[in-house]
Structures are given as C-alpha cells and as structure tokens.
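Each chain is listed here by its residues.
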Amino acid sequence: MSSALREQALAEAAGLAARHPRVFNPPLTRRLATLAVIAALAGLFVYGFHALGFSASRFIGGLAQLGSFVGLMIPPSPGSVSKGVIYLNALAETVAIAFLGTLLAFFFAFPLGFLAARNATINRAVQLLTRRFSDSIRGVDTLIWALIWVTVVGLGPFAGVLAIMTSDIGNFTKLFSEAIETSDRKAGEGVLSTGGSRLHEIRFGILPQVFPVIIGQTLYFFESNTRSATIIGIVGAGGIGLHLSEQIRTLEWQAVSFIIVLILIAVALIDFISTRLRLAIIGRNEVAV
Amino acid sequence: MPIALPRLPEERLSPLSDAYAQAVRQKRLSTLFLMAAILAAAIVSGWLAEVHPLRFIQNIGDFFSYFSRIFVFDDSVPGRPDLIGKVVLHDLGEWMWGIDKWLKLLVDTLLIAYLGTVLGTIGAFGLCFLAAQNLMPRRWVRVSVKRYLEFCRTVPELVFALIFVIAFGLGPIPGVLAIAIHTMGANGKLFSEVAENIDMKPVEGVIAAGGSWLQVIRFAVVPQVLSNFASYTLLRFEINVRGASVMGFVGAGGIGQNLIEAIRKFYYTDVSAILVLIIATVMIIDLLTERLRHALIGMESKK
C-alpha cells in the first residue's frame, strides 16, 4: 500500500518540479551568489586559523590539559572554612557593585535618555550630541572603564561601581531614548491641547508609558551587570574576580570550581528575583525589552 | 457661552473622591516604601563596596584630567621637546606612531571575534533544535541541553579565557575558544527560542510524508529560521568585537594586551591612540552589521 503511494508520489515529482521551477531549479546567478558568500566566509575562517597561528598539536595538547583540570575541579571546595567566608564576602561585594552601579547609571541616564530622544529633547543639536556621547561610552568595554577608574579612585570595589555606572550610562541612554521614541504620541498631544507645557507633556504624557519599560530594562541589566562585576576584579576593581583569577593562576582548581558555582548560584538568584520584579511591575502580558 | 457641566450631588461625590484619595494615598505609601527599600539596599551596598564619597569628590578632577592628559603630548616623545603640552592632533604621526603594529593587532582582534562567532554559532546551530520544545519531544534531552547552554553563557568569557590561557598557552587560541563557548550559550538560547516560534505546518507536512527528524529540520525548520539566525549572529559578532578587545587583558590575544600595558605604564598618548582606534573599529562594525541586518530583515518582509 505504502509503496504504491510512494510510486504515485515519485511519478508526480517531475510534474511538481515543472510547476515550481524556483524551488526545484533556482536561477544560476542565485546559486552562484550563495556559493560565493559561503566560500568567502569559509575562506576567511580558514585564513583566520592560519593567521592566528592555530596548530592541531597545540590544540590537542591543550584539550588534554583542560580535561585534567576539569578532573581536578571535582569536587568544588573552598579549601578551608575561612576561605569560604572570604569568597562569600567577595560575592556579596560583587552583587553590591552591580546593584550600586546599575542604580547610579539609572539616575544619570534617566534625564539623558529624554535628551537623546527625538520627541522629548530640547533641540536637535542637544539630541545628536547626547547620542554621540552615549555611543562613544558604549564603544569602550566595562573592563577598560574599570582600569581608568582604578587610576582615579585607587584599587577596590568603588572603582568597579564607577566602571559599571559609566558603561551603563551609555547603554541606558540608548535604550531609554529608544523606549521614549516609540511611545504613543497621542497622550502627549492630549496634555498639550489642554494647555500643558512641554514638561507637563513629558511628565503626564510620556513618562507613564515608558516608566515600566525603563524599570524592566534596568532590572534586566542588574542581572547582566552581576556577571560583569564578577570579572572586573581581574583588573583590581573589587568583587570576586580578584580571588577567581588568583586561584586560577595558582592552579587551585577546587577553589576555582567552588567560586564558579557561587557565581552561577548568585546569577540564577538575581535572575529569578529580577524576573519576578519585572513581571510585577510590567504585568505579565507586555513584552519587556 | 458658559457650559453647564453636570455635577454629581455632594452626597454621591464625596465617597468617590474619598476612594480616590484613599487609592492615591495607598499608591504613594507603597512608592515611599519601595524608595526606602532601595535606599536601604544602596546604603548596605555602598558599605560593602567601600564607597568613599569624599575620596570621590577629591579625585573626580583626576577623571577628567585623565582625558585631557591622554590627548596631550608629555615629555615621553624622544627628541621632540617642542611637542610637550600640545594636543595630539598637532602631530598625527607621533600620536599614531605604532599604527602598523596596532592595526595588525586590531585585525587579530577582529579575527578572534570572527572565529569565535563562527565556531560558537556552529555549536549553537547544532544544539538549538535539541532545546526547542516543539522539535524535541524527549524532556531530559531538552533540559540537559538548556542547562548546558545556560552554563556556557553565565560563566563570563574572561573566566573561560583565564582557564584556557593556562591550558593552551598565551595567544589568540584561548581567546577564540572563550568567545566561541560564550557565543554558543548565548546564541543557542536565542536560536532555540526562534525555533520554538516557527509555523508548525511545514513540520507536519514533512512528518506526514515520512521524513526523518533530520529531514524535518532541514526542509521544514531551517528555511523558516535562517534569516533570524543570521541576524542574531551578526548582532553577536558586534558584541564579540568588544569582548575580543579586552581578551588581551588576560593574555588571550588581540589589542587588549597593548592597551592594558599603556594604561598601567602611563603611556598617555598611546592610551588615547588605541582607544580611538578601538572605538572607531567598533563603530564601523556596528554600522556594517546594522546595514546587513536591515537588508536581511528587508529580504524577510518581501517574501
């Protein structure tokens, strides 16, 4: 039975191909273009390996070594109780850095977001200037900001707070201004038509619409900043990163895996809390970002 | 002409306005409570993070003077006392003295980002269908792939790089691998979400025609998701270029090594030169990928 059906379908195949030529037999130029793009990407891929000095023997040797490291990481252990307490303390510091950095960035970026939005700014020049300012800040990685702040306020977590704040001012200004620009104009027009000023328009027409979105984005960044805060310690800007890089360099693999597990738990917790808060503020039905 | 607005009688109005005042009071109270909670958390965090407002105010000048210092020549240029105190634009050749070396390192950085993105995306492509609810009926496979992807994207790429530097030795290999693993985690999640939102009719069609799981993926799923995957991959490449620029901080290749040296050894004009090059590269890549992404989205909507 099924083979008869199959015969029938195969007999139909030629007719199908004739009826849909674009699917069964795409034009040659299109095929060539696809092939050329794939060849270029693959060529660059191969060239990249060559240019960066990849060698199979080094790669395999590294993998073997990596395997032995992973074996040494089990079970995760801080080494001693006092060290465990130090790590937990550093973890709290990390979360504190992320929280404070996000909060400060929110306060700075809130007005900047309005200045960078087309429909709420003072004039075009101010808008473009704010945009460029935030773009340049975003072009520099958090870790670079951390290095620069370390030279200003010295080693320690405070430099980390300032680094997260600085790079998030750039991110938030962009995201906030986009949220403001996509807000519905009708509410603002209503306020203006009843004799409200521009500030009234922003306060009663735009802000109620964008505030939940802005809070949602800020909470989302709190979680991602916790992840950034775990590494800025590598350049001496506080948090658990300092201990982590130290333990990696001294090959204390059990302590390394212990710290990584701590980080995973902390990030998962903050993810859970911020998702809850976001849903409570925005409501379940609206899309956050 | 005065308009007579109908007004509720006082006895019916007062409970309404009371209820309104009550609701407003309630909302103010909860806002106030939230503010107090945030303030308390901020104070605790400030204490944990050793925030010193006084030191900050004392040294904030340094932050801005740092930027004026990195854009002005000091006495580090040998044989050119005339340049001291002049803005770097005065002598572009002296400012960008290492341009050949830096451009080569920038190309390395871009290659690290590219290779990491491609490798990670291949991994993500292979795993994403296993994590999609509508394509993978076995729960344990789905859950374990999801947990694995979560692990890959939660551990910061710099931590992977630190570990890989010890295993593979200094150089760009650990950088590429670290970025690849992080990309696999991040793209794998996004890809599987795209795959979960596809139209299931083609899938049913291929299954009805007796297609295997791989044939379902190839002929019913991939054509639907490919442009979205490409768009996410371009976005990830953009992010990875930034990430690759700091890989050198831990010895994993790229321009970061020179940047951290310049900052630590106070080669001020080098710092600004490298930063300007990085920002320019990042902006160009942003522009290009944005163009490509819009072209992709345009192709998609024309279909």
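Everything numeric in this text was worked out from a predicted model, so none of it was measured. Each chain carries its own residue numbering, running from 1 in the written order of its sequence. Following the order in which they are written, the chains are lettered starting with A and the ligands numbered starting with 1. Only residues with pLDDT of at least 70 are given local features in this predicted model, and only at 80 or more are side-chain atom pairs given and counted; all residues enter the totals for whole chains, interfaces and linings.

Draft legend 1. Molecular detail of the overall build of chain A. In this description a helix means any DSSP run of H or I spanning at least four residues, a strand means any run of E spanning at least two, and both kinds are numbered starting from the N terminus. Helix and strand counts for chain A come out as 12 helices and 0 strands. Beginning at the N terminus, the succession of helices and strands in chain A can be written as α-α-α-α-α-α-α-α-α-α-α-α. Against the compact-globule benchmark of 19 Å for 289 residues, chain A has a radius of gyration of 27 Å, which places it well outside the compact range. Overall size of chain A, expressed as C-alpha extent along the three principal axes, is 75 × 70 × 45 Å. Counting other C-beta atoms within 10 Å of its own, a residue is labelled buried from 20 upward, exposed at 12 or fewer, and partly exposed in the gap between, with every C-beta atom placed from the backbone. For chain A, buried positions account for 40% of its 289 residues. For chain A, the share of sequence-separated contacts (at least 6 apart) that also reach a separation of at least 24 residues comes to 71%. All radius of gyration figures rest on C-alpha atoms, and the globule criterion is 2.2 Å times the number of residues raised to 0.38. Residue pairs are scored as contacts if the distance between their C-beta atoms, which are placed from the backbone, is within 7 Å.

Draft legend 2. Spotlight on the environment of Leu129(A). Examined against the element boundaries, Leu129(A) turns out to sit in helix H6 (residues 124-139). Separated by 14 residues in sequence, Leu129(A) and Leu115(A) have C-alpha atoms that sit 9.2 Å apart.

Draft legend 3. Region of the structure containing the interface of chain B and chain A. At the junction of the two partners, chain B supplies 49 residues and chain A supplies 49 residues. Of all the secondary structure elements, the ones that give two or more residues to the side of chain B that touches chain A are helix H1 (10-48), helix H2 (53-70), helix H4 (99-128), helix H6 (157-168), helix H7 (172-196), helix H9 (213-245), helix H10 (256-264) and helix H11 (268-302) of chain B. For the side of chain B that touches chain A, the element with the highest residue contribution is H6(B), accounting for 7 residues. Tallied by class, residues from the side of chain B that touches chain A come to 36 nonpolar, 8 polar and 5 charged. Under the scheme applied, nonpolar residues are Ala, Val, Leu, Ile, Met, Phe, Trp, Tyr, Cys and Pro; charged residues are Asp, Glu, Lys and Arg; polar residues are all the others, including Gly.

Draft legend 4. Expanded view of the confidence of the model for chain B. A residue's pLDDT is the predictor's confidence in that residue, given on a scale from 0 to 100. This prediction gives chain B a mean pLDDT of 86; 97% of its residues lie at or above 70. Across the interfaces of the predicted complex, the ipTM metric reaches 0.79, alongside a pTM of 0.82.

Draft legend 5. Structural context of the nonpolar core. For our purposes the nonpolar core covers buried Ala, Val, Leu, Ile, Met, Phe, Trp, Tyr and Cys residues that link as a set through C-beta atoms within 7 Å. Counting 140 residues, the largest nonpolar core has Ala146(A), Trp149(A), Ile259(A) and Ala161(B) as the members making the most contacts within it. If you tally residues by element for this core, the top one is helix H5 (residues 81-116) of chain A, at 17 residues. Residue contacts for Ala161(B): discarding those within four places in its chain leaves Pro174(B), Gly175(B), Ala178(B), Met247(B), Val250(B) and Ala252(B).

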